[in-house]
Amino acid sequence: MSIDLVSNYSALRSDPPASGAPIPGSGPLRHTVVLFGGWGGEWAGGDPLPQQSASGTGRVAERVRQVGRNQRMLGADLLVRAYHGSLVFTSGATSADRDIASRFDPRAQLIVYGYSAGVSEALSLAWSLWQNRTFYDTGTGRFRGSFSGGPSATAGYVRIDRLITVDGAAGHFSSQMFRRIPPNVRRNLNLYQLHPSPIGSHGGPNEAHNRRATDVVNRDLSSLYTRNPGDAHSSIDEDTTLEVLETICSAIGCQALPRVLPQGLAVG
């Protein structure tokens with residue numbers, strides 16, 4: 001669920017709890033998945049990623065949309081939004097913020113993915129939500145950047161259920177890239193490698209701003225690319241597609257679509 005309800009006002013002023021009380025509600029769950037791809041060029045940064053995009057993130061987005069079509073048959077809804085990444089512009093994060101606000105379901109899952117420069121956008125979105133949409137009141141259906149007033153059993157911290165970051169990079173400045181995860185993230189899966197691309201892009205380990213609120217799982221995949229280290233950054237998004245899908249599906253309660261049927265199975 002995308003908020004942690006708290007039982008009293010004093011809890012709203014402290015750190016987000018590890019988990020919250022169940023949130024009442026009815027109707028289909030409205031999950032949201034936001035994806036930020038690699039750098040889209042100087043003027044395309046933050047623009048929507050075309051559905052026909054041949055990029056690794058484009059393929060991840062299409063696979064998630066396939067999952068969404070299956071989810072609708074099971075009575076759940078899944079909104080998928082994909083954007084070009086950017087190191088300068090924040091229009092993608094701003095658009096994603098509007099998407100989240102317009103259809104926010106506190107009972108459902110909020111999942112954010114970023115690859116390469118898109119990790120910068122994903123972190124911009126996460127920190128913006130933490131600073132500007134810190135709380136959500138289920139009684140009024142409104143976000144609050146701060147919470148003033150007496151006790152409330154209907155308010156809680158807004159949480160990103162899964163933040164998936166893949167080889168966050170900023171060219172030759174990759175080693176200095178900001179990699180701190182805000183407390184509104186429940187779990188961050190960070191897949192990265194340390195071989196610089198021809199322009200110096202590579203990932204690195206993330207760090208939780210508050211370890212009590214956020215579980216960061218760093219996985220260094222550098223050993224997979226020792227034969228062709230220069231191609232590592234451009235390949236890792238495609239190489240991690242299935243794990244990303246499995247992470248998303250584990251959050252929203254579905255099964256990732258395999259690339260092919262296991263040997264010996266046939267469609268009848």
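Details of the structure are given in the entry above.
Residues numbered from 1 in each chain as written. Predicted model: local features only at pLDDT ≥ 70, side-chain atom pairs only at ≥ 80, totals over all residues. Heavy atoms only, no water.

(A) Here's a closer look at the side chain of D99. Tracing the backbone through its elements, the reader meets D99 in helix α3 (residues 91–103). Overall, the relative accessible area of 16% leaves D99 in the buried class. At 2.7 Å, the side chain of D99 forms a polar contact with the side chain of Y83. Setting aside chain neighbours within four positions, we find D99 in contact with L79, R81 and Y83. (Helix = DSSP H or I, 4+ residues; strand = E, 2+ residues; numbered from the N terminus. Buried < 20%, exposed > 50% of the residue type's maximum accessible area, 1.4 Å probe, protein only. Polar contact = N/O pair within 3.5 Å; in protein donor to acceptor, adjacent residues only side chain to side chain. Contact = heavy atoms within 4.5 Å.)

(B) Spotlight on the side chain of S2. Tracing the backbone shows S2 in the segment before β1 (3–5). Owing to a relative accessible area of 1%, S2 belongs among the buried residues under this scheme. In this structure the side chain of S2 is engaged in a polar contact, spanning 3.3 Å, whose partner is the backbone nitrogen of L110.

(C) Local environment of the nonpolar core. Ranked by size, the top nonpolar core spans 35 residues in total, and within it F36, L125, I160 and L163 carry the most contacts. The set of elements that each furnish at least two residues to this core consists of β1, β2 (30–39), α3, β4 (110–115), α4 (117–132), β5 (135–137) and β7 (155–158). Ranked by residue count, the leading element in this core is α4, at eight residues. Contact partners of L125, with chain neighbours within four places excluded, come to V34, F36, A93, A96, D97, I100 and V112. Core analysis: the second largest hydrophobic core is formed by 27 residues, V67, Y225, I236 and C249 among them. (Core = buried A, V, L, I, M, F, W, Y, C linked by side-chain atoms within 4.5 Å.)

(D) Quick peek at the sheet that holds strand β6 (residues 142–144). On the basis of which strands lie adjacent, the open sheet formed by four strands has the order β1-β7-β5-β6 and antiparallel pairing. Either end of the sheet is taken by a strand with one partner, and the two such strands are β1 and β6. The mean inter-strand angle of the sheet, taken between neighbouring strand axes irrespective of direction, is 35°. In this structure, β5 lies alongside β7, joined through three bridges in antiparallel fashion. Residue F135 lies in a different strand from β7, and its bridge partner there is Y157. (Pairing = 2+ DSSP bridges. Axes fitted to C-alpha atoms, helices over the stretch in contact; angles between N-to-C directions.)

(E) Highlighting the sheet that holds β2. The strand order across the open sheet formed by six strands is β3-β2-β4-β8-β10-β12, and the pairing between neighbours is parallel. Looking along the sheet, the strands with just one partner apiece sit at the ends: β3 (77–85) and β12 (215–220). Neighbour-to-neighbour, the strand axes of this sheet turn through a mean angle of 10°, independent of strand direction. In this structure, β4 lies alongside strand β8 (residues 162–166), joined through five bridges in parallel fashion.

(F) Structural detail: unusual backbone geometry. Positive phi, normally seen in glycine, also occurs at S116, with a value near 55°. Looking at the secondary structure, you find S116 in the loop between β4 and α4. On the basis of relative accessibility, which here comes to 8%, the residue S116 falls in the buried class. Phi angles above zero are rare outside glycine, and D167 is one such case at about 50°. Its place among the elements puts D167 in the loop between β8 and β9 (180–181).

(G) Fine view of α3. Helix length check: α3, at 13 residues, gives a terminal C-alpha distance of 19 Å against a target of 18 Å (1.5 Å per residue), a fit within 8%. Residues of α3 that are buried include every one of G92, A93, S95, A96, D97, D99, I100 and R103, and no others. Buried residues belonging to α3 abut β2, β3, β4 and α4. (Expected span 1.5 Å × (residues − 1).)

(H) Representation of the packing of α3 against α4 in the model. α4 packs onto α3 with a crossing angle of 50° between their chain directions and a minimal axis gap of 9 Å. Relative to α4, α3 is oriented oblique. Like other packed secondary-structure pairs, α3 and α4 cross with a definite hand, here right-handed. Contacts between α3 and α4 pair G92, A93, A96, D97 and I100 from the former with E121, S124, L125, S128 and L129 from the latter. Looking at the contact of α3 with α4 residue by residue, the classes come out as five nonpolar, three polar and two charged. (Parallel < 35°, antiparallel > 145°, perpendicular 65-115°, else oblique. Left-handed = near helix turned anticlockwise from the far one by under 90°. Nonpolar A, V, L, I, M, F, W, Y, C, P; charged D, E, K, R; others polar.)

(I) The pairing of strand β10 (residues 187–192), seen in detail. For β10, a buried count of five out of six residues is recorded, marking the element as mostly surrounded by other parts of the structure. Bridge count between β10 and β12: six bridges; the pairing is parallel. Note that in β12 the partner of N190 across the bridge is N218.

(J) Highlighting a nonpolar patch on the surface. Side chains of L87, V88 and F89 sit close together on the surface and give an oily, nonpolar patch of about 290 Å² of accessible area. Note that V88 resides in the loop between β3 and α3. A relative accessible area of 69% means that V88 is categorised as exposed. (Patch = residues over 30% accessible without salt bridge, like charges linked within 9 Å, V, L, I, M, F, W, Y side chains within 5 Å. Areas by Shrake-Rupley, 256 points an atom, 1.4 Å probe, with all protein chains shown as cover. Salt bridge = Lys/Arg side-chain N within 4 Å of Asp/Glu carboxyl O.)

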